[in-house]
Amino acid sequence: MSARRLLKGSFLLLIAFGLFNLFNFLYQFAMARMLSVADYGVLASLFSIIYIFAVFSESIQTIVTKYVVLCEGNIGKIHDLVVRSFKKSSRIAVLVFLIYLVISVAIAFLLKIPYTLLAINGGIVFLMFILPITRGVMQGQRWFVSLGGNLVLESALKLVFGVLLVFAGWSVYGAIGGFVIGGAIAFAFSIVPLKKIFTTKREHMKTQEIYDYAKPAITITGIIVLFYSIDVLIAKFLFDPEIAGAYALASLLGKIILWASIPIGKAMFPLSAESNDKKDSRKLFLIALCMVSAIAISLLIIFELMADNLMILFAGKSVPAAAEIIVYVGIAFSCIAISNLILLYKLSKGRVKKYSLLILCNLIEIVVLLLFSSTIKEFAVLFAGLSAVLLAASILLTR
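Residues numbered from 1 in each chain as written. Predicted model: local features only at pLDDT ≥ 70, side-chain atom pairs only at ≥ 80, totals over all residues. Heavy atoms only, no water.

A. Focus on the overall build of the protein. A tally of helices and strands in the protein yields 13 helices and 0 strands. The helix and strand sequence of the protein, counted from the amino end, reads α-α-α-α-α-α-α-α-α-α-α-α-α. For 399 residues, the compact-globule estimate of 2.2 N^0.38 gives 21 Å, and the C-alpha radius of gyration of the protein, at 20 Å, lies within 12% of that figure. Projecting the C-alpha coordinates of the protein onto the three principal axes gives extents of approximately 55 × 45 × 35 Å. Every one of the 399 residues in the protein was classed for burial, and the buried ones make up 57%. Considering only intrachain contacts with a sequence separation of at least 6, the fraction spanning at least 24 residues in the protein is 84%. Just so you have it, the protein exposes about 17000 Å², and 70% of that area is on carbon and sulfur atoms. Counting 35 positive and 19 negative side-chain charges, the protein places the centres of these two groups 11 Å from one another. (Helix = DSSP H or I, 4+ residues; strand = E, 2+ residues; numbered from the N terminus. Rg over C-alpha atoms; globule rule 2.2 N^0.38 Å. Buried < 20%, exposed > 50% of the residue type's maximum accessible area, 1.4 Å probe, protein only. Contact = heavy atoms within 4.5 Å. Areas by Shrake-Rupley, 256 points an atom, 1.4 Å probe, with all protein chains shown as cover. Lys, Arg positive; Asp, Glu negative; His and termini not counted. Charge placed at Lys NZ, Arg CZ, Asp CG, Glu CD.)

B. Structural detail: a nonpolar patch on the surface. A surface patch of nonpolar side chains, amounting to about 750 Å² of accessible area, comprises Phe109, Leu110, Phe237, Val367, Leu370, Leu371 and Phe372. The set of elements that each furnish at least two residues to the nonpolar patch consists of α3 (75-111) and α12 (359-371). A total of 3 residues in the nonpolar patch trace back to one element, the largest contributor, which is α12. Note that Leu371 resides in helix α12. A residue is classified by how much of its surface remains accessible, and Leu371, at 61% relative accessible area, is exposed. (Patch = residues over 30% accessible without salt bridge, like charges linked within 9 Å, V, L, I, M, F, W, Y side chains within 5 Å. Salt bridge = Lys/Arg side-chain N within 4 Å of Asp/Glu carboxyl O.)

C. Fine view of the packing of aromatic side chains. Applying the stated criterion across every chain, the model contains 12 aromatic pairs. Ring centres of Tyr27 and Phe47 lie 5.8 Å apart, and the angle between their planes is 80°; this geometry places the pair in the edge-to-face category. Linking Tyr27 in helix α1 (residues 2-34) with Phe47 in helix α2 (residues 37-70), this pair joins segments that are 20 residues apart in sequence. The same class applies to Tyr27 as to Phe47, namely buried. Both rings, one in Phe239 and one in Phe379, keep their centres 5.8 Å apart while their planes meet at 75°; by these two values the pair is edge-to-face. Taken together, the residues Phe239 in the loop between α8 (210-238) and α9 (241-274) and Phe379 in helix α13 (residues 376-397) connect sequence positions 140 residues apart. For Phe239, a relative accessible area of 13% corresponds to the buried category. Aromatic rings pair up to connect Tyr27, Phe47 and Phe179 into one cluster. (Phe/Tyr/Trp six-rings, centres within 6.5 Å; stacked < 30°, edge-to-face > 60°.)

D. How the structure looks around the packing of helix α5 (residues 124-140) against helix α6 (residues 144-190). Relative to each other, α5 and α6 sit at 155°, their axes nearing to 7 Å. In terms of orientation, α5 and α6 fall into the roughly antiparallel class. Classified by chirality, the crossing of α6 by α5 is left-handed. A breakdown of the residues in the contact of α5 with α6 according to their chemical character gives 13 nonpolar, 6 polar and 2 charged. (Axes fitted to C-alpha atoms, helices over the stretch in contact; angles between N-to-C directions. Parallel < 35°, antiparallel > 145°, perpendicular 65-115°, else oblique. Left-handed = near helix turned anticlockwise from the far one by under 90°. Nonpolar A, V, L, I, M, F, W, Y, C, P; charged D, E, K, R; others polar.)

E. Spatial organisation of the environment of Phe97. Topologically, Phe97 is positioned in helix α3. Judged by relative accessible area, Phe97 falls into the buried class, the value being 18%. Apart from residues no more than four positions distant in its own chain, Phe97 is found in contact with Ala119, Gly122, Gly123, Val125 and Phe126.

Just distances and angles here, no functional claims.
Next comes the structure, spelled out in structure tokens:
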């Protein structure tokens, strides 16, 4: 029965995420054509910073999902959990935003990005702390249609506002501004499915163990997100703007593998978390693993056979440097996608040990890419090899 629910949930989310990623792709497609390669490299760097903020977003959504499942349908307890989560997240968001503004002074100098652009980019911080709360409730309650609809709404609005603002002459500022506006409107609409929860009397929920669960959830999410985000920033630091922009294009197409695997993990998580049958849980995981592997292999074949055409289609021009490395980048994101699925499964069952050692993978990634990359191809090959190391560590250190 759980396997059927996984397939149904995955199918619904796969459609939603398909539309979500389609609009995101169209957004990136439009930006790649409307901006110069160098400006697109700047935009990709800003998005890498946003992906790092996603550590908080993904962690909060994972934690809220887990504890909504533990509420076992008690709406009053879910109401209490949501209110307390909003209060806590809002306070932390303000603190993180202030710290980000200070750190951005150094980022602006190192990456040669205007400080005002980085400051506007920081507006994403608040969304990263509050939007995953409402989405975590939808995921935990298995309201996959509402969750998927909200994701599609967000990406569609980002596309519309981003294109309009860039067309109006705001360049990268417009691209980021559209991103912030779309996310804010999506948050407002994410409240609507929770109407019943907010109108139900609050019932105190015991959350003494939430911080013990939050520690591995935040750490593991941070490790994965940082691993697939830092490469673009390092490339921006190491190479000239044109080469960094070419790598950003290849990285974005490679991320399609990761994005396509995310709905499977999100559908698996609440089902695995509520299952007390060990065999049933393993079956869920193996089905999810087969689905992710099939997606990765299919896209890698497409990358190998159509690299040049994909670049012309996406960027509107030939980018040989990006076409040459797309398969290596695709292999990297395949390994990251499977690592993410493995760690999500372990988190859902509360069986994560020695997970903090995975931080070594991040440190090794940064050092190796900085010291041993003289060309963009060497950079991509090293990134693929390091991602394979992350996958091996995810299997061995959480057994």
